[in-house]
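Examination of the molecular architecture
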Amino acid sequence: MAYKITDACISCGACEAECPQQAISEGDGKYEIDAEKCIDCGVCADTCPVSAPEQA
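Quantities reported herein were computed from a predicted structural model and do not represent experimental measurements.

Focus on the overall build of the chain
Each helix and strand counted, the chain has 2 helices and 4 strands in total. Overall size of the chain, expressed as C-alpha extent along the three principal axes, is 25 × 20 × 20 Å. Relative to its 56 residues, the chain shows a buried fraction of 32%. Per element, the accessible surface of the chain, about 3500 Å² overall, is 42% carbon and sulfur.

Things to note about the side chain of Thr6
Here Thr6 shows up in the loop between β1 (3-5) and α1 (14-18). Apart from the residues within four sequence positions on either side, Thr6 is in contact with Lys30, Ala52 and Glu54.

Overview of the state of the cysteines
Applying the stated criterion across every chain, the model contains 0 disulfides. For the unlinked cysteine Cys12, the closest cysteine sulfur is that of Cys48, found at 5.9 Å. For Cys12, a relative accessible area of 46% translates into the label partly exposed. We note that Cys19 lacks a disulfide partner, and the nearest cysteine sulfur, in Cys41, lies 6.1 Å from it.

Remarks on the pattern of salt bridges
Applying the stated criterion across every chain yields a total of 1 salt bridge. Residue Lys30 is joined to Asp7 by a salt bridge in which the shortest nitrogen-to-oxygen separation is 3.3 Å. With a gap of 23 residues between them, Lys30 in the loop between β2 (24-26) and β3 (31-33) and Asp7 in the loop between β1 and α1 connect regions that are remote in the sequence. With relative accessibility at 22%, the residue Lys30 sits in the partly exposed group.

Regarding unusual backbone geometry
Residue Ser11 is not a glycine yet carries a positive backbone phi of 55°. Position of Ser11 relative to the elements: it lies in the loop between β1 and α1. Assessed through its relative accessible area of 30%, Ser11 is described here as partly exposed. Positive phi, close to 50°, is recorded for Gln22, a residue that is not glycine.

Calculation criteria
- Residues numbered from 1 in each chain as written.
- Predicted model: local features only at pLDDT ≥ 70, side-chain atom pairs only at ≥ 80, totals over all residues.
- Heavy atoms only, no water.
- Helix = DSSP H or I, 4+ residues; strand = E, 2+ residues; numbered from the N terminus.
- Buried < 20%, exposed > 50% of the residue type's maximum accessible area, 1.4 Å probe, protein only.
- Areas by Shrake-Rupley, 256 points an atom, 1.4 Å probe, with all protein chains shown as cover.
- Contact = heavy atoms within 4.5 Å.
- Disulfide = S-S within 2.5 Å.
- Salt bridge = Lys/Arg side-chain N within 4 Å of Asp/Glu carboxyl O.

Written out as structure tokens, the structure reads:
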């Protein structure tokens, strides 16, 4: 089950820099996770200062 980024995202980029699969990219107004690349490791959730990434 891949993670998704909620509307709580503040577009800081912390998650993108830490993702080992390079599954996160800047989207329109918030970052987005490519579910095909996501390995459900949780690094994005651990890194995010506002807890925007959540399991889908």
